[in-house]
Every structure is written in C-alpha cells, then in structure tokens.
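Structural overview
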Amino acid sequence: MEVTLWNNFMANHSGLGADAVIGKNLFECFPELPKAWLSKKILGVFLLKNFAFTSWEQRPYLFRFPHNRPITGGVDHMYQNCTFMPVKGAAGEVDSVCITLFDATDIGISQTELKKAMKSLSDSSNRDGLTGIYNRRYLEQRLSAEFDRCRRYRDQFSFVLFDLDHFKRINDTYGHLAGDEVLCVVSQHINSLLRSVDVMGRYGGEEFGIILPATPMRSALILAERIRQAIEQAPVAYKEIAIPVTVSIGIAEFEQDAPNYEHLIGCADRALYHGKENGRNQVTCYTPELESKAASS
C-alpha cells in the first residue's frame, strides 16, 4: 500500500506534492479513505491479475476532492470513476496497481439532474392538478396492487369513497373559484388525518377515495366518522365568507371472494349513495343488504 507514483492531477487536487506522498503508506497520508473497501479492491487486482472498475454511481468518490463547478454544480465534491489496473514486472507477475481517477463531475451532475427531473415528472403525472393529492389513475393503480397483495397474503384493507354534499350549490352560490378552494381545503384537511401508509386521491369532480391498508371495516368506520365530523366542524374560509361543508362517506371492506378491485369500488359507491339518499352528512358501510334495497327502490 505504498505510493510509488503521484502525478500532477493528484498533487493539485489533494494539496500534497509527490515528495510528500511517494514511499509512504497511502492510508497514513489519507486516513479518510475507505480502507477496508479499497484494500480489498487493490488486493483483488493482485490476485486476479485483471482490471477493476468503480463508477461514481457505485461510490461517488474515492478521494474527496473539490471540483471546478462550486456554484452551479449543486454538489460539494468531485464525482470520480476509478480504474484499477495491474502493472506487471519482467517476470510477468503483478508488481503494483495503478489507480486512475477520472473526473466525472459533469456526467454526475447531468445524471442527477435528469433523475430529479424524471422523478418530478413522474410525481406530477400522478397528482391532481387542482388539489395536489393523487389522481384517479394513480389511486386505481394502488388499489389494484393492494387488492392483489391482500388476496395473495390473505390480508385485509378497506376502501373509502366520500363526496362533498351539495357541491353544485356551493359553485352556484359562491362561484367556481370558491368551489375550487373548498375542494383544496377539504382534501388537504382529510389528508392530514390519515396515516403515512394510507393513500388518498381525487376520484372525480367532488368525489375522493382513500385506501386504508391493514384496516378492517370497523376501524375504517371510526376514521370515516372522525373525518365527517372534522369537515362539518370546519367551514372553509373564502374571501371573508365561511362556507359550510359536509361529506357523505361510503366504506367497503376487501373480501377474498371479490372478483376484482372494481367490485370494491362499486360496493363503496353503493354505500356512499345510500347515505346521500338518506339525508347526506353520514357514513355508510357496505353490506349485501344494500343491494336488495337498491333493487327494491
């Protein structure tokens, strides 16, 4: 592990000239190096007698050197690709290992920015443009995945649909901008009452859905009633006007014999509209009896 050659690149970036490093143990000169990893890498080249390579994506840097893009780069160190090359002596045996560092900062910054942009694009495609919560497409994707997971592992979850009562009246009375504000405030208020594992999305218009993993119907009912009361007790402020809002909520629980996740949506939807037909501002749990009531009406 003794240094036998130290070029200008290494001297300029490390601040140590060749005379201060050559003949000395590398790890004594640079104790911050990843000794266990680097020693294993170097010894591997001696034993296998072939090249080794490490990209900046595997390990951002070997030596923590500054780079020449301190303002626009957005990173505080030089990204490095490293090549470990065996150097053979006259007898054909590996006498030393040449470690070459390539400044890959430009590539690293570009790739990092591209990944950020792609993630931002992916996130925005899953979000409702008005409320900022998940959209219907993403909600159904997650619902389908949760349905398949629970069927496979015989787990349980509940799906909740809720609808703002008399929303058309809000738009007609206060205007569509007020209606948009109501949708935003109510959705964020409800989202604040959920767990991190719960998934809420705008299903359409003034209708929203919530996936509650590992939640039986009795627990979903408690949460839904808490949501209903919270919305009823918190009128939405808009231009010095307090707009009263209530919600009707339908709950359906996953059943192993359900044919698909769309069936679960249908059950929650029937429970929701049963509540709306019976006075609104209430929580209704789906039961098979609702089917016969709907048929008779």
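Shown above is the structure to which this text applies.
All of the points below concern the structure found in this document. Quick caveat, the model's predicted, so the values are computed rather than measured. Once a new chain begins, its residue numbering starts again from 1 and follows that chain's sequence as written. The predicted nature of this model means local features are confined to residues of pLDDT at least 70 and side-chain atom pairs, given and counted, to a pLDDT of 80 or more, with totals for whole chains, interfaces and linings taken over all residues. Working from all heavy atoms in the structure, the side-chain values ignore hydrogens and water.

1. Considering the pairing of strand S6 (residues 207-213)
In terms of burial, S6 is a largely internal element, seven of the seven residues being buried. Think of it in three bands: residues with accessible area under 20% of the maximum for their type are buried, residues over 50% are exposed, and the middle band is partly exposed, with areas taken using a 1.4 Å probe on protein chains only. Numbered from the N terminus, helices here are DSSP runs of H or I no shorter than four residues, and strands are runs of E no shorter than two. The side-chain alternation of S6 yields two buried faces, one formed by Glu-207, Gly-209, Ile-211 and Pro-213 and the other by Phe-208, Ile-210 and Leu-212. Sheet topology note: the strand S4 (residues 157-164)/S6 ladder contains seven bridges and is antiparallel. If you follow Asp-163 over to S6, its bridge partner there is Glu-207. Being paired, for any two strands, means DSSP has found at least two bridges between them. Bridge analysis of strand S5 (residues 199-204) against S6 gives five bridges, and the strand direction is antiparallel. Looking across to S6, one finds that Met-200 is bridged to Ile-210. From the end of S5 to the start of S6, which pair antiparallel, there are two residues, and Gly-205 there has a positive phi angle of about 60°.

2. Things to note about the sheet that holds S5
One open sheet accounts for five strands, arranged S5-S6-S4-S9-S10; its pairing is mixed. In this open sheet, the two strands that pair with only one neighbour each are S5 and strand S10 (283-285). Strand-to-strand twist of the sheet, defined as the mean angle between neighbouring strand axes without regard to direction, takes the value 20°. Here, axes are lines fitted to C-alpha atoms. For helices the fit covers the stretch in contact, and angles between N-to-C directions go from 0 to 180 degrees.

3. Things to note about the state of the cysteines
Two cysteine sulfurs form a disulfide in these notes if their separation is within 2.5 Å. If you walk through the whole model with that rule in mind, you get zero disulfides. Here Cys-150 stays free of any disulfide, with the sulfur of Cys-267 as its closest cysteine sulfur at 15 Å. Residue Cys-267 stays outside any disulfide, its sulfur separated by 12 Å from that of Cys-285, the closest cysteine.

Remember, this is a structural readout, not a statement about activity or role.
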